[in-house]
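# A look at the structure
The chain contents come next:
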Amino acid sequence: MTDDAYLFLLDDESVPLGVAPAAVEDLACMETPAVRAWLDAHGTTPTSARLRLLPPEETAAIPEGTERVPVPLSDEELSRVRHRLAPEPLARIEEELLAYRDCADGRDGLIGRALAAGVPPHRIAELTGMDPATVTAAANG
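This write-up is about the structure you can find in this document. Numbering of residues starts from 1 in each chain and follows the order in which that chain's sequence is written. Totals for whole chains, interfaces and linings use all residues, but because this is a predicted model, local features are given only for residues with pLDDT of at least 70 and pairs of side-chain atoms are given and counted only at 80 or more. Side-chain numbers here rest on the full set of heavy atoms in the structure, without hydrogens or water.

### Description of the overall build of the protein chain
A run of H or I in DSSP counts as a helix once it spans at least four residues, and a run of E counts as a strand once it spans at least two, with each numbered from the N terminus. Counting its secondary structure elements, the protein chain contains seven helices and three strands. The order of α-helices and β-strands along the protein chain, N terminus first, is β-α-α-β-β-α-α-α-α-α. Here the globule rule reads 2.2 Å times residues to the power 0.38, and the radius of gyration is calculated from C-alpha atoms. Relative to a compact globule of 141 residues, whose C-alpha radius of gyration would be 14 Å, the protein chain shows 22 Å and is clearly more extended. In terms of overall dimensions, the protein chain has a C-alpha envelope of 65 × 30 × 25 Å along the principal axes. Throughout, exposure labels follow a simple rule: accessible area from a 1.4 Å probe, protein chains only, divided by the maximum for the residue type, with under 20% read as buried, over 50% as exposed, and the rest as partly exposed. Out of the 141 residues belonging to the protein chain, those deemed buried represent 30%. In the protein chain, 73% of the contacts between residues at least 6 apart in sequence involve partners at least 24 apart. Note on areas: Shrake-Rupley, 1.4 Å probe, and residue coverage restricted to the protein chains presented here. As displayed, the protein chain offers around 8800 Å² of accessible surface, 54% of which is attributable to carbon and sulfur atoms. Note on definitions: a residue-residue contact is assigned when non-hydrogen atoms from the two residues lie within 4.5 Å.

As structure tokens, this is what we get:
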């Protein structure tokens, strides 16, 4: 397995391999001089139906001899690529997990505000479904 994601060109655009970079949107790598030069050298554009992208753990699936170039992706970009590759039922579950993560990110701040407003720890645990020890630990910082 490699640590790089790869852009590559498929000979047959109907092959369901990878994700079209245009479908992921706002990939910083698409504006790098290296990627621009690679696209130019192959006479293609960022919106070509033949242009695909795979995350590091999937690059072994790229057919042998296929034109490819490694690209840097941020963690957030990599997450979006992986999400686009997921089958629909998994994509929905991933969206729910992301929504939970977004809620959990501000958990300690929310608990602190609730305590400051006078909500007792046992009530916070009851309302959130969290373990009382987790509420106490979050409240203590």
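Still more ground to cover, so stick around.
### Focus: the environment of A49
In this structure, A49 sits in the loop between α2 (33-41) and β2 (51-54). Using a relative accessible area of 39% as the deciding quantity, one classes A49 as partly exposed. Each C-alpha atom of the pair A49 and C29 lies 18 Å from the other, and the pair is 20 residues apart in sequence.

### Considering the sheet that holds strand β1 (residues 5-9)
At least two DSSP bridges between two strands are required for those strands to pair. Across the sheet, three strands lie side by side as β2-β1-β3; this open sheet has antiparallel pairing. Every interior strand has two partners, whereas the edge strands, β2 and β3 (68-71), have only one. Going from strand to strand, the sheet's axes swing by 25 degrees on average, the running direction of each strand aside. Strand direction decides the pairing type here: β1 and β3, joined by four bridges, are antiparallel. Bridging from a neighbouring strand, Y6 pairs with P70 of β3. An axis is simply a line fitted to the C-alpha atoms; with a helix, the fit covers only the stretch in contact. Between two such axes, the angle follows the N-to-C directions and lies from 0 to 180 degrees. Across the sheet, α2 touches β1, β2 and β3, and the angle it forms with β1 is around 20 degrees.

### Observations regarding the pattern of salt bridges
Take a side-chain nitrogen of Lys or Arg and a carboxyl oxygen of Asp or Glu: if they are within 4 Å of each other, that pair is a salt bridge. Taken as a whole, this structure holds three salt bridges when the rule is applied. The residue E76 makes a salt bridge to R80 at a minimum N-O spacing of 2.7 Å. Residue E76 and its partner R80 are both found in helix α3 (residues 75-85); the two are separated by four residues, about one turn of the helix. Among the residues examined, E76 registers a relative accessible area of 46% and is labelled partly exposed.

### So, the pairing of β1
In terms of burial, β1 is a largely internal element, five of the five residues being buried. In β1, alternate side chains face the same way, and those of A5, L7 and L9 on one face and Y6 and F8 on the other are all buried. Looking at chain direction, β1 and β2 are connected through four bridges and run antiparallel. The partner of Y6 across the bridge, within β2, is L54.

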